[in-house]
Amino acid sequence: MAKKRLPMRKAKEILRLHFDLGLDKRQIARSLNISHSTVGEYVKRAAAANLSWPPGEKMDDTALTQLLFGKQKQLHRKAPPDVEYMRRELTKKGVTLMLLWEEYLQAYPDGYRYTQFCEYFRRYKRDLDVSLRMSHKAGEKMFVDYAGKSMFVIDPDTAEANEVQIFVAVLGASGYIYAEATPTQELSNFIGSHVRSFAFYGGVPAIVVPDNLKSGVKKACRYEPDINPTYLDMATYYGCAIIPARPAKPKDKAKVENAVLQVERWIVAPLRNRVFFSLAELNEAIAELLDKLNDKPLTKINKSRRRLFEDTDRGALRPLPRLPYELATFKKARVNIDYHIEIDSTYYSAPYQLVRKEVEVRITSRIVEIFCLGKRVASHMRCFTKGVYVTKNEHRPASHQKHLEWTPSRMIAWAKETGPSTAELVSAIFESKAHVEQGYRACLGIIRLGDRYGRKRVELACKRALSLSAISYKSVKSILERGLETVVADEVVVAAVEHANIRGSNYYR
């Protein structure tokens, strides 16, 4: 087992691809860019824990980790050596098999002896350079890439020529081709092209093989590239796996490279002299020539790609879901102290127990979903008004929920129990505020002064505050603390004393 555990997202993807799609260890390893021995380890642990796919709604990341890595029987006696790592290290000066074996034993004291350790590497090296003719199962793989040659669409308003990209997809068994023009290779267009290609084929293959495009692979690497979360989310929605082609390995994507060549010859080249004023117009022309390309008989077998598709891939593809995939983006967020997260200057509530915790947010054009430890904890309809708080009452603490039951009319009715002047003062406070919520605390404070000073004194203090136009909680409290509630307002207003200027006006000259 690797020293460092995989992220739980990858661990769950291993379970999905193995138990749901039935992929073998090497296919899963290529999809997730990990060693097949690691895949085998996780599959064994899942089997030992009697896990299947899906693991269940109540099974969050913490519970799944405990089942996989809690106390259980040793899954195998000896850890196999990482032959891919050995191959890389042996290219470095001074590194020998003996040195690698000694390092292996430091990590796995009960591991294989030197003879068996070397045998593992010999078997790997023997099969490393063997080149096999690729034969694809029906419905198994769809290869995708962009054509090297771009096309152009003229803006009718500015007469500016805008470059567009040509997306190409091809099924492995039949070679049936799909092509379309998109404004860019960005994520939204990349995902949209996949959705439309699945609709074109009328089904979903088991595996999608892209090149290491930035849209699909966040970090291109021969050994550990990281698939974009949105791309992975789309694959999960359609029930397929993503296995990127290895960098600098053209044989991994020979099928799509040939399809790109055919598209450039039979679609892009014939349209080179035509002028298009919209993307829809261009795609309409591409669709016409694409039908001709797929109906063209192949030389050696005298069958068209369309005929091969009908005979092989069509019946083996997985059915399409009822609705097409809706583009989703993912973002990390931290729940603020007011139990809200911020998405595009709009605030969405999460359960108050998650305050200060980091969550993952899935964002579509309609919905904002919040996940914690792989479990969805909140879902909101998306709001595009900036500064707005979208809050569910069940996300609030009980004390806050009770606070929201207050209304101005209820507060005024409560104040009437103290007296009419108290009710009048409470009503005046609400009227003085831009938002009624700003007056709740002041009004509640005035009513609660009755617990300390008695309702009769509070009523007199409110009457005096009204006569002085002192519409605030602090004024009423000050009157009560100084015992002025029984003093008539006219008696305490001190008239300005008129007196002569003692020093005289000349003093200030």
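Look up: the structure comes first, before these words.
What counts and what doesn't
- Numbers given to residues run from 1 along each chain, matching the order in which its sequence is written.
- Given that this is a predicted model, residues contribute local features only at a pLDDT of at least 70 and side-chain atom pairs are listed and counted only at 80 or more, while totals for whole chains, interfaces and linings are drawn from all residues.
- Remark: hydrogens and water are excluded; side-chain values derive from all non-hydrogen atoms of the structure.
- Secondary structure counts use DSSP, requiring at least four H or I residues in a row for a helix and at least two E residues in a row for a strand, with both numbered from the N terminus.
- All accessibility values rest on the Shrake-Rupley procedure with a 1.4 Å probe; residue burial counts only the protein chains present in the view.
- Here the rule is simple: two strands pair whenever DSSP picks up at least two bridges between them.
- Only Phe, Tyr and Trp rings take part, Trp by its six-membered ring, and two of them pair if their centres are within 6.5 Å. Stacked means planes under 30 degrees apart, edge-to-face means over 60, and tilted covers everything else.
- Buried, partly exposed and exposed residues are distinguished by accessible area as a fraction of the type maximum, computed with a 1.4 Å probe on protein chains only: under 20%, between the cut-offs, and over 50%, respectively.
- The rule is short: NZ of Lys or CZ of Arg within 6 Å of the ring centre and within 35 degrees of the ring normal puts a charge over the ring.
- Working definition of a nonpolar core: buried Ala, Val, Leu, Ile, Met, Phe, Trp, Tyr and Cys residues. They are joined through side-chain atoms within 4.5 Å.
- For helices, the fitted line uses only the C-alpha atoms of the stretch in contact; every axis is such a line through C-alpha atoms, and the angle between N-to-C directions lies from 0 to 180 degrees.
- We call two residues contacting when some pair of their heavy atoms lies within 4.5 Å.
- For the purpose of charge, His is not counted, nor are the chain termini; Lys and Arg are scored as positive and Asp and Glu as negative.
- By definition, a salt bridge exists where a carboxyl oxygen of Asp or Glu is found within 4 Å of a side-chain nitrogen of Lys or Arg.
- By definition in this entry, angles of less than 35 degrees are roughly parallel, angles greater than 145 are roughly antiparallel, angles of 65 to 115 are roughly perpendicular, and the rest are oblique.
- Two helices that cross are described as forming a left-handed crossing if the nearer one is turned anticlockwise from the farther one by less than a right angle, and a right-handed crossing if clockwise.
- When residues are sorted by character, Ala, Val, Leu, Ile, Met, Phe, Trp, Tyr, Cys and Pro go into the nonpolar class, Asp, Glu, Lys and Arg into the charged class, and all the rest, Gly among them, into the polar class.

Undergrad: Now, about the overall build of the chain: what can you tell me, with residues and values included?
TA: Check the secondary structure of the chain and you find 20 helices and 15 strands. Accessible surface for the chain amounts to roughly 29,700 Å². Of this, 51% is attributable to carbon and sulfur atoms.

Undergrad: Residue-level account of the pairing of strand β13 (residues 367–372), with values.
TA: Relative to β13, strand β12 (residues 358–363) is paired through four bridges, and the arrangement is antiparallel. Following the sheet pairing, Arg362 is matched in β13 by Glu369. If you look at the hairpin formed by β12 and β13, you'll find three residues sitting between the two strands. Pairing of β13 with strand β14 (residues 375–381) involves six bridges; the strand directions are antiparallel. For Phe371, the partnering residue across the bridge sits in β14 and is Arg376.

Undergrad: Describe the packing of aromatic side chains, naming the residues involved and giving the relevant values.
TA: In the structure shown here, the tally under the stated rule is 17 aromatic pairs. Ring geometry for Tyr112 and Tyr120: centres 5.3 Å apart, planes at 50 degrees, overall tilted. By relative accessible area, Tyr120 is classed as partly exposed at 24%. Taken together, a centroid distance of 5.6 Å and an interplanar angle of 55 degrees make the contact between Tyr237 and Tyr325 tilted. Taken together, the positions of Tyr237 in helix α9 (residues 229–238) and Tyr325 in the loop between α13 (313–316) and β9 (329–334) put the pair 88 residues apart, joining distant regions of the chain. Accessibility expressed as a relative area gives 7% for Tyr325, which makes it buried. Three or more aromatic residues link up through ring pairs in this structure, and these residues are Tyr176, Tyr178, Phe200, Tyr201 and Phe309. It is Arg9 that lies over the ring of Phe330; its NZ or CZ is 5.7 Å from the centre. For the cation-ring pair, Lys296 lies above Trp266, with the distance from its terminal atom to the ring centre recorded as 4.0 Å.

Undergrad: Tell me about the environment of Glu89, residues and numbers included.
TA: With respect to the helices and strands, the residue Glu89 is situated in helix α5 (residues 83–90). The exposure class assigned to Glu89 is buried, which follows from its relative accessible area of 14%. Once the C-alpha coordinates of Glu89 and Leu100 are considered, the two residues, eleven residues apart in sequence, prove to be 8.3 Å apart.

Undergrad: Explain the nonpolar core residue by residue, including any values.
TA: The tendency in soluble globular proteins is for nonpolar side chains to be buried as a group. In this structure, Ile14, Tyr201, Tyr231, Val263, Leu271 and Leu282 are the most contacted members of the largest nonpolar core, which totals 79 residues. With seven residues, the top contributor of residues to this core is strand β3 (residues 161–171). Core analysis: the next-biggest nonpolar cluster, separate from the first, contains 22 residues, Cys443, Leu444, Val458 and Ala461 among them.

Undergrad: Provide a residue-level description of the sheet that holds β13, including the pertinent values.
TA: Taken in spatial order, the four strands line up as β9-β12-β13-β14 in an open sheet, and their pairing is antiparallel. Unpaired on one side and paired on the other, β9 and β14 mark the two borders of the sheet. Averaged over all pairs of adjacent strands, the angle between strand axes in this sheet comes to 25 degrees, irrespective of strand direction.

Undergrad: Account for the environment of Pro183, naming residues and giving values.
TA: One can find Pro183 in the loop between β4 (177–182) and α8 (187–201). You can call Pro183 partly exposed: its relative accessible area is 42%. As for Pro183 and Ile166, which are separated by 17 residues in sequence, their C-alpha atoms are 8.9 Å apart. Those residues in contact with Pro183 that lie beyond four places of it in its chain are Glu163, Val164, Gln165, Asn189 and Leu279.

Undergrad: Before we move on, could you go through the side chain of Glu140 and cite the residues and values that matter?
TA: Mapped onto the secondary structure, Glu140 falls in the loop between α7 (114–128) and β1 (141–146). No salt bridge is formed by the buried Glu140; the nearest opposite charge belongs to Lys141, separated by 4.9 Å. Excluding anything up to four places from it in sequence, Glu140 contacts Gln27, Pro205, Ala206 and Ile207.

Undergrad: So what's going on with unusual backbone geometry? Residues and values would help.
TA: Here the phi dihedral of Asn33 falls at roughly 60 degrees; this positive angle occurs in a residue that is not glycine. Tracing the backbone shows Asn33 in the loop between α2 (25–32) and α3 (36–48). Taking the relative accessible area as the measure of exposure, Asn33 reaches 10% and is therefore buried.

Undergrad: With reference to specific residues and values, describe the packing of α8 against α9.
TA: Orientation of α8 relative to α9, taken along the N-to-C sense of each, is 15 degrees, at an axis distance of 11 Å. Comparing their axes, α9 and α8 come out roughly parallel. In the crossing of α8 with α9, the sense of the turn from one axis to the other is right-handed. Between α8 and α9, the residues in contact are Leu187, Phe190, Ile191, His194, Val195 and Phe198 and Thr230, Tyr231, Met234 and Tyr238, respectively. Residue classes in the contact of α8 with α9 are distributed as eight nonpolar, two polar and no charged.

Undergrad: An account of the pattern of salt bridges is requested, with residue identities and associated values reported.
TA: This structure, assessed with the given rule, holds 17 salt bridges. With a shortest N-O distance of 2.7 Å, Glu13 and Arg16 are connected by a salt bridge. With Glu13 and Arg16 both in helix α1 (residues 8–20) and three residues apart, the pair spans about one turn of that helix. With respect to class, Glu13 is no different from Arg16; both count as buried.

Undergrad: Please set out the packing of helix α18 (residues 455–467) against helix α19 (residues 473–481) residue by residue, giving values where relevant.
TA: At a closest axis distance of 9 Å, the pairing of α18 and α19 adopts a crossing angle of 120 degrees. Considering the angle they form, α18 stands oblique to α19. Crossing of α18 over α19 shows right-handed handedness. Here Arg457, Val458, Ala461, Cys462, Arg464 and Ala465 of α18 come into contact with α19, specifically with Val476, Ile479 and Leu480. Residues of the contact of α18 with α19, tallied by class, amount to seven nonpolar, no polar and two charged.

Undergrad: Account for the sheet that holds strand β11 (residues 346–349), with residues named and values stated.
TA: On the basis of which strands lie adjacent, the open sheet formed by three strands has the order β10-β11-β15 and mixed pairing. Here the strands that pair on one side only, and so sit at the sheet edges, are β10 (340–343) and β15 (389–390). Note: β10 against β11, four bridges, orientation antiparallel. Considered in β11, the bridge of Ile341 is made with Tyr348.

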